[in-house]
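Structural characterization, general
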Amino acid sequence: MSMGNMSSLEEILMANNHLEGPIPMEFCQLNLNLKLLDLSVNNISGSLPSCFSPIWISQVHLSRNKLYGSLTNAFSNSSMLVTLDLSNHYLNGNIPNWIGRLSQLSYLLLSNNHFEGEIPVELCKLDCLSLIDVSNNNLFGTIPPCLKITKVNNISELTSII
């Protein structure tokens, strides 16, 4: 039975293995029920399948793999997304504006990639955002005013926004 036939699957937890190759296109058939995806710390390569747009997903942990290319609309309709961790890849292009429409997003981790351009001002719409990490990319320009630090009480506050 292929994973694509498991359309009622809600959680995929396969972190810290030796999985290789691209994310299978069959994952696109999991768009209706998938709530948690953790494939972090593997050797997954390729780009995110353009058809992969899980509607109810709240947790995406894909860090420390070998994904490349730009962020298409893969999670643009995932309005319940709380955590998006795409750190430590070879992703490039601009940080997409649609991330600003993910109203439940609290944790945005895009560090150690090859993103370029400016930090989108659309991120200012993320009222639930408590941590953003875009370090070690090729970003330039100014930090959107909504993300600027006005007062830091201790060093842990500072590191939570880097």
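The present account deals with the structure reproduced in this document. (Residues numbered from 1 in each chain as written. Predicted model: local features only at pLDDT ≥ 70, side-chain atom pairs only at ≥ 80, totals over all residues. Heavy atoms only, no water.)

Our next topic: the pattern of salt bridges. A full pass over the atoms with the stated rule returns one salt bridge. For Lys 35, the salt bridge identified is with Glu 10, shortest N-O distance 3.8 Å. Of the two residues, Lys 35 sits in the loop between β2 (20-21) and β3 (36-38) while Glu 10 sits in the segment before β1 (11-13), which places them 25 residues apart along the sequence. Take Glu 10: its relative accessible area is 39%, and that puts it in the partly exposed class. (Salt bridge = Lys/Arg side-chain N within 4 Å of Asp/Glu carboxyl O. Helix = DSSP H or I, 4+ residues; strand = E, 2+ residues; numbered from the N terminus. Buried < 20%, exposed > 50% of the residue type's maximum accessible area, 1.4 Å probe, protein only.)

All right, on to the pairing of strand β8 (residues 90-93) then. Here β8 shows one buried face, formed by Leu 91 and Gly 93, and one open face, formed by Tyr 90 and Asn 92. Relative to β8, strand β6 (residues 66-70) runs parallel, the two sharing three bridges. Across the sheet, Tyr 68 pairs through a bridge with Tyr 90, a residue of β8. Across two bridges, β8 lies against strand β10 (residues 114-117) in parallel orientation. Of the residues in β10, the one forming a bridge with Asn 92 is His 114. (Pairing = 2+ DSSP bridges.)

Turning our attention to the environment of Asp 127. With respect to the element layout, Asp 127 can be found in the loop between β10 and β11 (131-133). Owing to a relative accessible area of 70%, Asp 127 belongs among the exposed residues under this scheme. Put simply, Asp 127 and Leu 102 are 25 residues apart on the chain and 9.8 Å apart in space, counted from C-alpha to C-alpha.

Note that Ser 40 resides in the loop between β3 and β4 (43-46). A relative accessible area of 10% places Ser 40 in the buried class. Those residues in contact with Ser 40 that lie beyond four places of it in its chain are Ala 15, Asn 16, His 61, Leu 62, Ser 63 and Asn 65. (Contact = heavy atoms within 4.5 Å.)

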